[in-house]
Amino acid sequence: MKSKELSVDLQDRIVSRHKSGEGYRKISAALKVPMSTVTSIIHKWKKFETTRTLPRTGQPSKLRDQGRRALVREVTKNPMVTLSELQRSSVERGEPSRRTTISAAIHQSGLYGRVARRKPLRSKRHMAAHLEFVKRHLKDSQTMRNKILWSVEAKIELFGVNARCHVWRKPGNIPTVKHGGGSIMLWGCFSEAGTGRLVKIKGKMTAAMYRDILDENLLQSSLDLRLGRQFIFQQDNDPKHTAKISKEWLQDNSLNVLEWPSQSPDFNPIEHLWRDLKIAAHRRFPSNLMELERCCKEEWAKLAKDRCAKLVTSYSKRLEAVIAAKGASTKY
């Protein structure tokens, strides 16, 4: 059981002896008080210049400083660790294991549970390249946007569209987290006139597979969308897209490829179309990957042309936002 606090008189005598030059061990023996208690009282007096009980909120934490540091180390090493896992670790160390105690200890270190957000990893070089890209393309974006055929690959997870991954982090620190699970990889394209073809990628895509996808689907999509032969093809800088075999196919077919900066998915309006597709497909609750593929292809064909046109129209606004963000903050 927790012992009673020493009387004020006894605490004052401890401090008085310390002032007179007596050591901790001698004070402990003379007053028959544990040396750890003598040390604590003298440290308190040095810090607050009083031995009186100071006002405090709530019951003092039963978690030792050592246990608190262990929790912070575990959370820092693995931000996705759950409270249940932290409880088990605390029990193994012989520490209190109440969830409120553990949460309070982590919060005191400035770490809070937050939903992990996905975001591109940008360096200063990427930011500078984005700004240069915007300056070159902003004037022409409104006139050429109806000629662009947008494309990208996307992973569609069987149960991942509504998955919320929680992490421990400090305010303002937003790490990149990607969800796992069973999934399919799709390639798709669209323009202001609507959606083009949607293709499932079998296995890990190579540059040769990408070339075959373009050969079998890109030109036909441009015909279906009535873009003509002078359309502008957009793709990102994935190594498979910039491989020699892919470049040769694009050159052989005399395609005009839109210059594209690295780490800029938020420039591409097709990212929002993928989000629409994921929500629509998962509303049908597919139970396996084959059903997921079928749902995706059916829902892709149903995506409204008005939605496609609205997303393409937003391209200019996306570029303008970069200029506005650069002027408002250096953190763009």
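Structure: above.
Just so you know, these numbers come straight off a predicted model, no measurement behind them.

**Regarding the packing of helix α1 (residues 8-19) against helix α3 (residues 35-48)**
In the contact formed by α1 and α3, the axes pass within 10 Å of each other and the chain directions differ by 80 degrees. As judged from the angle between their axes, α1 and α3 are roughly perpendicular. Judged by residue contacts, Gln11, Ile14, Val15, His18 and Lys19 of α1 engage Val38, Ile41, Ile42, Trp45 and Lys46 from α3. Looking at the contact of α1 with α3, its residues break down into 6 nonpolar, 2 polar and 2 charged.

**Re the pairing of strand β4 (residues 183-191)**
The element β4 is largely enclosed, with a buried count of 7 among its 9 residues. Where strand β2 (residues 148-157) lies against β4, 8 bridges are found, and the strand directions are antiparallel. If you follow Glu157 over to β4, its bridge partner there is Ser183. Summarising the sheet, β4 and strand β5 (residues 194-201) pair through 6 bridges and their orientation is antiparallel. Looking across to β5, one finds that Leu186 is bridged to Lys200. Linking two consecutive strands that pair antiparallel, namely β4 and β5, is a turn of 2 residues.

**Digging into the pattern of salt bridges**
Counted by the stated rule, this structure contains 15 salt bridges. Of the charged contacts in the structure, one is a salt bridge between Glu298 and Arg284, with a shortest N-O distance of 2.6 Å. Highlighted residues: Glu298 in helix α11 (residues 289-302) and Arg284 in the loop between α10 (270-282) and α11, separated in sequence by 14 residues. When the shortest N-O distance is used, the salt bridge between Arg294 and Glu298 registers 3.8 Å. Of this pair, Arg294 and Glu298 both sit in helix α11, 4 residues apart, which is roughly one turn of that helix. A relative accessible area of 41% places Arg294 in the partly exposed class.

What counts as what
Residues numbered from 1 in each chain as written. Predicted model: local features only at pLDDT ≥ 70, side-chain atom pairs only at ≥ 80, totals over all residues. Heavy atoms only, no water. Axes fitted to C-alpha atoms, helices over the stretch in contact; angles between N-to-C directions. Helix = DSSP H or I, 4+ residues; strand = E, 2+ residues; numbered from the N terminus. Parallel < 35°, antiparallel > 145°, perpendicular 65-115°, else oblique. Contact = heavy atoms within 4.5 Å. Nonpolar A, V, L, I, M, F, W, Y, C, P; charged D, E, K, R; others polar. Buried < 20%, exposed > 50% of the residue type's maximum accessible area, 1.4 Å probe, protein only. Pairing = 2+ DSSP bridges. Salt bridge = Lys/Arg side-chain N within 4 Å of Asp/Glu carboxyl O.

By themselves, these observations are geometric and do not establish any function.
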